[in-house]
Amino acid sequence: MKMERFEVKGLAQYSYVLSDAGEAVVIDPMRDIDGYLAYAHENGLRITHIMETHIHADYASGAVALAVATGAELALSAYDEGERFSYQMPHRALHDGDAVSFGDVRLQALHTPGHTPEHLAFLQFDLGRSKVEPVAMFSGDFLFVGSLGRPDLLGEQAKLGLARELYRSVQQRIAPLPDGLEIYPGHGAGSLCGAGMGENPETTLGYERRTNPFFGYGEEEFVTKILASVPAMPDYYPRMKELNSVGAAALDSLPQPKALSPEALAAKLADPNVMVLDLRRPEAFGGAHIAGAINIGSEGNLSLWAGWLLDAAKEIVLVNDSGDDEPARRSLLRVGLDRVVGYLDGGIASWVAEGLEFARTTQITVDELDAAVRTGDALVLDVRTDGEWANGAIAGALHIPLGKLPGSLDQLEKERAIAVVCGSGYRSSIAASLLARKGFTHLGSLSGGLAAWQRRHGEAAAPCSSGNRAAIAQEV
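None of these values were measured; they are calculated from a predicted model.

Caption draft 1: Layout of the environment of Ala372. Structurally, Ala372 can be placed in helix α12 (residues 366–375). Those residues in contact with Ala372, other than ones at most four positions away along the chain, are Asp377 and Ala378.

So, in structure tokens, the structure goes:
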């Protein structure tokens, strides 16, 4: 038996291809399925089954598209019946103990609710060695390295019950499994499907029993701790749940984006249902950009922030330094942003060469920020996470995590100068572009972020206290 892990770094997402005797099973595939098809072709494999651990919230699944492309059977949880989100596509419904077999491998479903009601883990048996002792578990978003899946995806009314189900999954449902069981989770460090995940891509059940703090709590403490640990939930998660309930459209069925001349793009900007997404670095965006453009750099966490902050109902035109950006388009499609209708042919240079108007976002130096803080000439807006904020910030700053900024504009005065700060300058540029699009005009973004500020001052930022700073929203 061979196992291949596929990783999407921007979403910290893992999917798996297991193969034996010329047949293969794919677990939790991403929407862009070409990688799985290429792998199967290169290794002489026939994909016979596509299995999902649950209805995903953080990315668009490729399960339906892959099943159509390969003729494979779609094997999904049977425990979605009557739930808020349920599978609408034809599939084989897997109950606890049901299995998919190929070669000398059996993948057996284990119902592990808590992250979601329908969640399954898959126990892998090597039938050539033992028919009763599993060798691995593909744990999806139930069990991570050093953490567990968040139980709050279905809202306030459901989260308490799901937290208790998660406790029972940990303490009862996997209790008979051996310590040596290898664990292959659905996400790694950086995912918002849980908190405090370790950097390693895999672990063992015994190691988690000894070191994962959630294994040591009684039920009431467990419920309190797991609910207190959850990071802020991106606004696009319910949209992904709905999309994955019916199945995302295959990528080859979507219209291809068109190359737009500067004149053609300028004409489109009169339509309020069109937005420009500028994929360049903050410094380049700050120097010259199309007015109203939103800056989410492609070198950062594009999928997460685009999914969280962009309106999926609007048409998107991409701008960078050259023209089309296929990897960036793929990142957007992974979070259901399907309406990428075009890109600026020739990049931003073609816009400037035509003499069309462009805007700037001031890139503030540390010295300039220090002067503004001393004189009170600008409000310092810190858009980092709660965890970063708690470890220190610039005195007098207002804290609004980036994910909550669009819903918190009433906290800000359009007439006042605002200096936006994050860790490195990436998120502050996103925030400044969002504010500019909403009519804020006196904006600056700290170049190099708080890291540059700390290096110049030779010391860490002062710890935050509730007495002199406003902290709103939750950790991003």
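We are not done yet, so read on.
Caption draft 2: Examining the packing of aromatic side chains more closely. Counted under the stated rule, the structure contains ten aromatic pairs. With centroids separated by 4.8 Å and ring planes inclined at 50°, the aromatic side chains of Phe6 and Tyr36 adopt a geometry described as tilted. Remark: Tyr36 occurs in helix α1 (residues 34–42) and Phe6 occurs in strand β1 (residues 2–8); sequence separation between them is 30 residues. Under the relative-accessibility criterion, Tyr36 is labelled buried at 3%. Members of the aromatic cluster, joined through ring pairs, are Tyr167, Phe214, Tyr217 and Phe222. Sitting over the face of the ring of Phe125, Arg106 holds its NZ or CZ atom 4.2 Å from the ring centroid.

Caption draft 3: Broad picture of the sheet that holds strand β18 (residues 315–319). One open sheet holds the five strands; their spatial order is β15-β19-β18-β16-β17, and the pairing between them is parallel. Both outer strands of the open sheet, β15 (258–260) and β17 (294–295), are each paired with one neighbouring strand and no more. In terms of strand pairing, β15 meets strand β19 (residues 340–344) through three bridges, oriented parallel. Bridge pairing in β19 places Ala259 opposite Tyr343.

Caption draft 4: Expanded view of the packing of helix α9 (residues 302–309) against helix α14 (residues 426–437). Put simply, α9 and α14 touch, their axes get as near as 13 Å, and they point 25° apart. With respect to α14, the axis of α9 lies roughly parallel. Considering only the axes of α9 and α14, their crossing is right-handed. Residue-level contacts link Leu302, Trp305 and Leu309 of α9 to Tyr426, Arg427, Ile430 and Leu434 of α14.

Caption draft 5: View of helix α2 (residues 63–70). All of the buried residues in α2 are Ala63, Ala65, Leu66 and Ala67. Here the buried face of α2 lies against β3 (23–27), α1, β4 (46–51) and β5 (73–77). Phi turns positive, to about 75°, at Gly71, one or two residues after α2.

Caption draft 6: Just the pattern of salt bridges, in detail. Considering all chains together, one arrives at 25 salt bridges under this definition. In this structure, the salt-bridge partner of Glu315 is Arg339, at a minimum N-O distance of 3.5 Å. In this pair, Glu315 is assigned in strand β18 and Arg339 in the loop between α10 (326–333) and β19, connecting sequence segments 24 residues apart. Connected through salt bridges with shared partners, the residues Arg164, Glu165, Arg168, Arg173, Glu219 and Glu220 form a single ionic network.

Caption draft 7: Region of interest: the packing of α12 against helix α15 (residues 449–457). Direction vectors running N to C along α12 and α15 enclose 85°, while the axes themselves pass 10 Å from each other. Relative to α15, α12 is oriented roughly perpendicular. Contacts between α12 and α15 involve Val366, Asp367, Leu369 and Asp370 from the first element and Ala452, Trp453, Arg456 and His457 from the second.

Caption draft 8: Region of interest: the sheet that holds β4. Spatial strand order, β1-β2-β3-β4-β5-β6: six strands in an open sheet with mixed pairing. Single-partner strands in this sheet number two, and they are β1 and β6 (92–94). Averaged over all pairs of adjacent strands, the angle between their axes in this sheet comes to 25°, without regard to strand direction. Pairing of β5 with β6 involves three bridges; the strand directions are parallel.

Caption draft 9: Broad picture of the nonpolar core. Counting residues in hydrophobic clusters, the biggest one holds 78 residues, and the most contacted among them are Ile296, Leu381 and Leu412. With sequence-adjacent residues up to four places away left out, Leu412 is seen in contact with Leu379, Leu381, Leu398, Ile400, Leu405, Ile418, Leu435 and Phe440. Among the nonpolar cores identified, the runner-up in size contains 22 residues, and Met137, Phe142, Leu148 and Leu177 belong to it.

Caption draft 10: Fine view of the side chain of Glu208. By the element assignment, Glu208 lies in helix α4 (residues 205–211). For Glu208, which is buried and forms no salt bridge, the nearest opposite charge comes from Arg210, at a distance of 9.0 Å. Here Gly146 takes part through its backbone nitrogen, which lies 2.9 Å from a polar atom of the side chain of Glu208. The residues touching Glu208, leaving out its near neighbours within four places in the chain, are Leu143, Phe144, Val145, Gly146, Ser147, Thr203 and Phe215.

Caption draft 11: Fine view of the pairing of β3. The buried fraction of β3 is high, at four of five residues. Two strands pair when backbone bridges link them, and strand β2 (residues 13–20) and β3 are joined in this way by five bridges, in the antiparallel orientation. Residue pairing for β3: Tyr16 is matched across the bridge by Ile27. A loop of two residues connects β2 with β3, the two strands running antiparallel in sequence, and Ala21 in this loop sits at a positive phi of about 55°. Of the crossover connections in this fold, the one passing from β3 over α1 to the parallel β4 is right-handed.

Caption draft 12: Looking closely at helix α6 (residues 237–246). Among the residues of α6, Tyr237, Met240, Lys241, Asn244 and Ser245 are the ones counted as buried. Relative to the axis of α6, the buried residues are bounded by an arc of 140° and lie together on one face. With its phi angle positive at about 100°, Gly247 sits one or two positions after the end of α6.

Caption draft 13: Quick look at the pairing of β18. For β18, a buried count of five out of five residues is recorded, marking the element as mostly surrounded by other parts of the structure. Neither face of β18 is open: one carries Glu315, Val317 and Val319, the other Ile316 and Leu318, and all of them are buried. In the sheet, strand β16 (residues 274–278) pairs with β18 via five bridges, with the strands oriented parallel. Residue Val276 lies in a different strand from β18, and its bridge partner there is Val317. Following the chain from β18 across α10 to the adjacent parallel β19, one finds a crossover that is right-handed.

Rules used throughout
Residues numbered from 1 in each chain as written. Predicted model: local features only at pLDDT ≥ 70, side-chain atom pairs only at ≥ 80, totals over all residues. Heavy atoms only, no water. Helix = DSSP H or I, 4+ residues; strand = E, 2+ residues; numbered from the N terminus. Contact = heavy atoms within 4.5 Å. Phe/Tyr/Trp six-rings, centres within 6.5 Å; stacked < 30°, edge-to-face > 60°. Buried < 20%, exposed > 50% of the residue type's maximum accessible area, 1.4 Å probe, protein only. Lys NZ or Arg CZ within 6 Å of the ring centre and 35° of its normal. Pairing = 2+ DSSP bridges. Axes fitted to C-alpha atoms, helices over the stretch in contact; angles between N-to-C directions. Parallel < 35°, antiparallel > 145°, perpendicular 65-115°, else oblique. Left-handed = near helix turned anticlockwise from the far one by under 90°. Salt bridge = Lys/Arg side-chain N within 4 Å of Asp/Glu carboxyl O. Core = buried A, V, L, I, M, F, W, Y, C linked by side-chain atoms within 4.5 Å. Lys, Arg positive; Asp, Glu negative; His and termini not counted. Polar contact = N/O pair within 3.5 Å; in protein donor to acceptor, adjacent residues only side chain to side chain. Right-handed = clockwise from strand over helix to strand, strands pointing away. Arc of directions from axis to C-beta.

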